[in-house]
Amino acid sequence: MTEQGIGARLLRKEDDRLLRGRGQFVADLRFAGLKDVAFVRSPLAHARIRGIVVPLTHKDAVFTAGDMKGVKPIRAVSGLRGFKASDQPSLATEKVRFVGELVAMCIAPTRAEAEDIASTVTLDLDELPAVYDMLAARNSTSALLHDDWGDNVFLETFVDTNIDKALDAPIKVTREISTARQCMAPLEGRGAVAIWDKRLEQLTLHSACQMPHIVRTGLAGCLGLDEGQVRVIAPDVGGGFGYKAILLAEEVCLGWLAMQCGHPVRWIEDRREHLTAGANCREHHYRITGYADRDGRLLGIDCEATVDSGAYSSYPFSACLEAAQVASILPGPYDFPAYRCRTYSIATNKCPILPYRGVARTGVCFALELVLDAIAREVGIEPHEVRAKILVKPEQMPFDNITKKHFDSGDYPESLRRAVGSIDIPAVRVRQKNGETDGRLIGVGLATYCEQAAHGTSVYYGWGIPMVPGFEQATARLTPDGGLELRVGVHSHGQGLETTLAQVAHEILGIDVSKIKVVHGDTAMTPYSTGTWGSRCMVMAGGAVSAACKEIAKRAAKIGAQLLQTDVSRVTVRGGEVVGSQGSITLGEIARTWYLKPQNLPSDVDPGGLEATIGYKPVRDTGTFSYATHAALVAVDPEIGDIEILDYVIVEDGGKLVNPMIVDGQIYGGFAQGVGTALYEEMPFNSAGQPLASTFADYLLPGPTEVPAPRVDHMETLAPYTEFGVKGIGEGGAIAPPAAIANAVNDALRPLGAELLNSPITPRRVLEAIARAGRSAT
Amino acid sequence: MKPVRFDYARPADLAAAIALGRRDDVVVKVIAGGQSLGPMLNLRLIQPDLLVDITAIAELKRVEEAADSITIGSCVTHADIEDGHVPDVTCGALRAVASGIAYRAVRNRGTIGGSLVHADPSADWISALTALGASVIIHGAQQERRVPIEGFMAGVFETDLASGELVSGIQIPRLSSAARWGYYKTCRKTGEFAHAIGVYLEDPERSVCRAVIGATGGKPIVFADANALVGAGRSPGALDVKLARDGMTAHGLTDPIDQQIHLAALRRAIARANGS
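Undergrad: Give me the overall build of chain A: which residues, what numbers.
TA: Assigned secondary structure in chain A consists of 17 helices and 31 strands. For 778 residues, the compact-globule formula gives about 28 Å, and the C-alpha radius of gyration of chain A, at 27 Å, lands near that figure. Taken along the three principal axes of its C-alpha coordinates, chain A extends 95 × 75 × 50 Å. Looking at chain A as a whole, 64% of its 778 residues qualify as buried. Sequence separation of at least 24 residues holds for 79% of the intrachain contacts in chain A that already meet a minimum separation of 6. If you sum the accessible surface of chain A, you get close to 27,400 Å²; carbon and sulfur atoms cover 50% of it. Within chain A, one finds 78 positive and 93 negative side-chain charges whose respective centroids are separated by 2 Å.

This is the structure we're talking about:
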């Protein structure tokens with residue numbers, strides 16, 4: 001390891017501007033003639049539109065669906081059999097299907113004035129019954145979201161592997177488990193500025209997005225433009241978490257509007273829009289049964305999972321990725337012989353559910369890990385003993401599990417052993433026996449999960465969604481002064497890629513990272529990429545940067561050998577130089593030779609020069625498997641239902657860590673979001689389909705005082721198929737905390753016979769569970 | 001969301017502020033610290049024509065200490081009290097309550113008078129000052145009047161203030177040195193509005209034994225003579241649960257879980273007053 005290469009704990013290059021307030025986010029951009037947009041949104045969850053009345057005084061400043069002729073609806077189809085497609089119009093036509101759906105667009109010099117205009121638009125709506133309960137929505141008597149479907153099911157999937165062999169197991173534990181609808185809460189919401197360039201006949205969309213190339217493809221399709229007529233720029237972006245992976249109806253509206261009106265137009269999402277009509281995620285329901293023998297060995301899992309997908313299928317991930325993934329990832333890191341799972345993706349009168357950090361994994365980890373603990377209680381053994389019996393073992397690697405997931409490497413039982421030791425379960429048991437002086441009850445909980453990352457073509461073509469990732473490309477370019485530019489199609493909005501990709505290049509070329517510039521976030525300047533999602537960037541873009549830099553090294557070596565008057569076989573590239581036996585020459589001098597003094601180049605020089613775009617894919621693209629065991633120690637106040645996290649341990653294996661400090665940051669951030677899922681975050685809806693949290697006073701996020709510092713322990717098992725052995729680790733921190741914390745709460749409440757099965761675990765839910773247990777005991 | 005267009009005035013004296021508040025040709029809203037009003041403006045929950053900022057009025061920031069009480073100007077901030085800039089006549093109660101309000105950023109701007117006038121049942125001051133037996137000093141065009149705080153808050157976001165009236169200060173009785181108090185609130189997270197508040201004050205030299213259950217669906221529930229409620233010995237087990245529950249039920253706080261949490265808050269406030 002060098003001081004700046006793979007494995008170095010380097011301070012993040014981008015923090016110099018971000019921490020000094022010099023970042024440039026969409027809302028910071030200024031353009032002459034810019035006007036602001038405010039949307040008229042549906043106040044009802046489900047209604048037929050009878051009319052939209054715009055006062056004459058504002059008729060030139062208000063646009064409705066009727067104006068946007070030729071604009072196609074957003075359509076994200078899955079190739080999975082039986083999937084029903086939805087058309088999401090940019091502005092509502094005929095029907096509104098969720099509170100906050102766009103109905104009209106108002107334009108004015110300022111946002112406040114645009115809102116004034118929006119408040120003068122009157123909607124004549126014929127209210128229909130709201131479909132707000134995903135389980136009831138499956139009934140044939142339910143109102144229909146999409147009239148021509150015949151039901152409200154986007155997709156139903158079914159797998160069965162030998163479940164009949166488990167049904168007679170002596171231990172059978174059935175639970176009904178759910179995770180609440182949540183909102184992703186990046187510091188920055190969505191936002192866009194659209195500009196039509198008459199000279200280039202090109203639409204530029206500045207967007208707070210994490211997948212600019214995909215947004216470009218989707219936007220061009222909706223607007224009927226050639227892709228060359230659309231440029232998407234994602235400047236500094238304040239966190240994504242999946243919300244910014246989506247092509248928004250607002251963006252289609254703005255693109256169309258910019259082409260109409262000849263001046264730049266802007267929409268900056270406010271927090272109310274974001275909470276009530278934007279960033280919803282995570283609403284899962286499980287009916288799940290675990291079968292085990294009397295020793296607590298898991299023999300089978302039988303599950304029916306339902307996901308509330310909301311009103312429309314979002315581009316590009318579709319309305320079914322979440323539920324369909326449930327079926328394939330529910331078995332987690334465990335080896336057991338029988339499995340059945342049926343899943344439903346249900347359309348409801350809520351805004352579309354979007355993939356959030358961890359995507360379906362947080363829900364399945366919650367469901368499965370709670371059942372494992374229930375089995376442990378039923379059998380009367382420690383929860384970690386149940387897990388130890390079935391965790392995939394290192395000698396089984398590589399291992400194909402019951403749903404054909406290919407586990408690449410790792411020592412899962414070791415992560416469990418370390419977590420159990422670190423949280424010191426025997427000591428907790430003693431402490432529980434002695435009781436707490438303050439009357440609280442303490443409990444310990446575990447959760448082990450695996451995180452498939454950077455999975456590529458072989459996995460995604462099966463889902464058949466609008467985008468399937470293939471080779472990831474990067475461009476490396478030596479500049480005449482010996483600096484390096486890296487151009488990548490992924491986007492960095494918190495991941496620290498401006499630093500870590502530079503570290504990768506440094507590892508190959510030895511150029512000082514201060515002279516390495518990572519260019520990203522502009523479709524005009526970077527190779528096409530599906531972008532930043534699925535914890536794929538370090539594996540895919542890191543691999544591509546490495547490959548491109550190796551190509552540059554090869555070409556530079558040839559030029560360097562000529563200048564050193566030696567044979568190319570006798571030189572190496574290291575430390576920013578081409579080094580021969582008799583001397584060395586800097587990459588800067590080689591670059592100057594190529595660009596400015598070509599008379600000194602060898603006659604057989606590579607005409608591609610010192611710029612190379614190379615595509616990369618791991619040897620096997622079924623994904624890297626990082627994993628962790630989380631262990632939580634909590635105290636529950638049985639009188640008021642408060643929960644305090646006393647200690648939290650994470651034993652994580654993320655393969656080769658490119659920058660361990662950034663990995664720690666990813667884990668801390670994910671953990672904070674996991675604490676939110678576990679204890680705080682909930683977007684409730686009433687029976688009219690009205691979202692009941694519209695500010696951060698109602699939608700609670702954990703703050704610094706609610707998120708203790710987890711103790712993180714790293715294992716580093718190299719991935720066998722990727723460059724440097726790296727694995728994706730972007731999402732893991734957010735996956736296990738709800739399960740570990742819930743298991744800890746249930747362990748604490750065990751003397752009272754109470755069990756919590758729904759997230760978030762609020763004081764009210766705790767007290768209700770205790771009250772229920774008290775009633776059933778008497 | 002952005003506020004509607006409004007005019008803004010920042011008068012330098014009370015009379016001018018009251019005169020602006022009495023205008024009946026426009027919708028007038030008074031702003032002090034703005035920590036609740038600001039978001040409400042942005043959400044367009046209120047749409048005033050004129051915002052009258054009273055924070056430039058010197059007399060509203062005054063603190064006057066007397067033999068048997070202290071009067072705190074309505075524009076004194078929570079942070080002023082937290083930081084000890086207000087003389088302590090409550091055996092540390094005011095300072096302790098102030099330091100637990102929301103976050104420091106809110107305390108820097110939020111004011112004691114603004115909090116009372118906003119009349120959010122979950123706020124700290126309305127419950128704490130009720131237990132302390134405070135009075136609200138109200139200025140109108142003609143006269144000044146004093147209202148015991150129990151009579152000031154009328155309901156959720158509603159007060160006894162008439163059009164054109166302003167709260168100029170809060171008068172808080174001086175506790176005897178033997179007084180004991182306890183304040184307990186439950187919040188889902190630090191800085192959030194309270195889910196339940198319990199306050200207890202016992203000052204035998206002044207013959208005061210008062211308990212308050214706050215963060216209800218409306219006005220705080222006051223047990224002006226709490227001797228029977230807290231029971232002999234003041235031990236947690238002595239609390240008359242039925243009396244407390246009846247009080248809550250009478251005030252519309254009927255949900256058993258809510259009652260349980262409020263009861264626990266009160267019990268813990270009493271325990272704190274007793275030094276445990």
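Undergrad: An account of the overall build of chain B is requested, with residue identities and associated values reported.
TA: Within chain B, the secondary structure is distributed over 11 helices and 14 strands. In summary, chain B has a C-alpha radius of gyration of 19 Å against a globular reference of 19 Å for 276 residues, a match within 12%. Here chain B holds 276 residues, and 53% of them are scored as buried. The contacts of chain B with a sequence gap of at least 6 include a subset with a gap of at least 24, amounting to 61%. Here chain B has roughly 11,600 Å² of accessible surface; of this, 50% comes from carbon and sulfur atoms. Computed over 29 positive and 30 negative side-chain charges, the inter-centroid distance for chain B is 5 Å.

Undergrad: So, the interface of chain B and chain A: which residues are in play, and what are the values?
TA: Residue-level contacts link 21 residues of chain B with 27 residues of chain A. Those elements giving two or more residues to the side of chain B that touches chain A turn out to be β11 (180-186) and α11 (256-273) of chain B. The element that contributes the greatest number of residues to the side of chain B that touches chain A is α11(B), accounting for seven residues. Looking at the side of chain B that touches chain A residue by residue, the class counts come to nine nonpolar, three polar and nine charged.

Undergrad: Hey, could you go over the packing of helix α3 (residues 212-223) of chain A against helix α4 (residues 249-261) of chain A for me, with residue numbers and the actual values?
TA: Residues and elements named next belong to chain A. Look at α3 against α4: their axes get within 10 Å of each other, and the N-to-C directions meet at 60°. As the angle between them shows, α3 and α4 are arranged oblique. The crossing of α3 and α4 is right-handed. Residues Val215, Leu219, Cys222 and Leu223 of α3 lie in contact with α4, whose contacting residues are Glu251, Val252, Gly255, Trp256 and Met259. Its residues assigned to classes, the contact of α3 with α4 comprises seven nonpolar, one polar and one charged.

Undergrad: I'd like a description of the side chain of Arg175(A), backed by residues and values.
TA: Residues and elements named next belong to chain A. Along the polypeptide, Arg175 turns up in strand β8 (residues 171-179). Judged by relative accessible area, which is 19%, Arg175 ranks as buried. Of the polar contacts made by the side chain of Arg175, one reaches the side chain of Glu755; its length is 2.8 Å. Dropping the residues within four chain positions of it, Arg175 is found in contact with Tyr286, Arg287, Ile288, Ala374, Glu755 and Leu757.

Undergrad: With reference to specific residues and values, describe the environment of Pro602(A).
TA: Residue and element names in this part refer to chain A. Its place among the elements puts Pro602 in the loop between α14 (587-596) and β27 (611-616). For the pair Pro602 and Ala561, spaced 41 residues apart in the sequence, the C-alpha separation amounts to 9.0 Å. Not counting residues up to four positions away in its chain, the partners in contact with Pro602 are Lys558, Ile559 and Gln562.

Undergrad: Give me the lowdown on the pairing of strand β20 (residues 441-453) of chain A, citing residues and values where you can.
TA: Residues and elements named next belong to chain A. In terms of burial, β20 is a largely internal element, 12 of the 13 residues being buried. Relative to strand β28 (residues 624-636), β20 runs antiparallel, the two sharing 13 bridges. Bridge pairing in β28 links Gly445 to Ala632.

Undergrad: How would you explain the pairing of strand β29 (residues 643-653) of chain A if you had to name every residue and give the values?
TA: Residue and element names in this part refer to chain A. Of all 11 residues in β29, nine are buried; the element is thus mostly enclosed. The pairing of β28 with β29 spans 10 bridges and is antiparallel. Residue Ala632 lies in a different strand from β29, and its bridge partner there is Tyr648. The turn joining β28 and β29, which pair antiparallel and follow one another in sequence, is formed by six residues; a positive phi near 85° is taken by Gly641. Note that β29 and strand β30 (residues 711-715) share five bridges and pair parallel. For Glu652, the partnering residue across the bridge sits in β30 and is His714. Chirality of the crossover, the property in question, places the unit of β29, helix α15 (residues 660-680) and β30 among those that are right-handed.

Undergrad: Run through the environment of Glu201(A), naming residues and quoting values.
TA: All names here are of chain A. Checked against the element boundaries, Glu201 lands in the loop between β10 (191-197) and β11 (202-207). Along the sequence, Glu201 and Gln229 sit 28 residues apart, while their C-alpha atoms lie 6.3 Å from each other. Setting aside its immediate chain neighbours within four residues, Glu201 contacts Trp196 and Gln229.

Undergrad: Can you explain the pattern of salt bridges? Please cite residues and give values.
TA: Side-chain pairing between opposite charges can occur once the charged atoms of the two side chains come close. Enumeration according to the criterion identifies 81 salt bridges over all chains in this entry. Linking Arg111(A) and Glu115(A) is a salt bridge whose minimum nitrogen-to-oxygen distance equals 2.8 Å. Placement of both Arg111(A) and Glu115(A) in helix α2 (residues 111-118) is noted, with a separation of four residues, approximately one turn of the helix. For Arg111(A), a relative accessible area of 10% puts it in the buried group. Its relative accessible area of 7% is what places Glu115(A) among the buried residues. The salt bridge partner of Glu192(B) is Lys189(B), with a shortest N-O separation of 4.0 Å. Considered together, Glu192(B) and Lys189(B) belong to a single accessibility category, that of buried residues.

The rules behind these values
- Residues numbered from 1 in each chain as written.
- Chains lettered and ligands numbered in written order.
- Predicted model: local features only at pLDDT ≥ 70, side-chain atom pairs only at ≥ 80, totals over all residues.
- Heavy atoms only, no water.
- Helix = DSSP H or I, 4+ residues; strand = E, 2+ residues; numbered from the N terminus.
- Rg over C-alpha atoms; globule rule 2.2 N^0.38 Å.
- Buried < 20%, exposed > 50% of the residue type's maximum accessible area, 1.4 Å probe, protein only.
- Contact = heavy atoms within 4.5 Å.
- Areas by Shrake-Rupley, 256 points an atom, 1.4 Å probe, with all protein chains shown as cover.
- Lys, Arg positive; Asp, Glu negative; His and termini not counted.
- Charge placed at Lys NZ, Arg CZ, Asp CG, Glu CD.
- Nonpolar A, V, L, I, M, F, W, Y, C, P; charged D, E, K, R; others polar.
- Axes fitted to C-alpha atoms, helices over the stretch in contact; angles between N-to-C directions.
- Parallel < 35°, antiparallel > 145°, perpendicular 65-115°, else oblique.
- Left-handed = near helix turned anticlockwise from the far one by under 90°.
- Polar contact = N/O pair within 3.5 Å; in protein donor to acceptor, adjacent residues only side chain to side chain.
- Pairing = 2+ DSSP bridges.
- Right-handed = clockwise from strand over helix to strand, strands pointing away.
- Salt bridge = Lys/Arg side-chain N within 4 Å of Asp/Glu carboxyl O.

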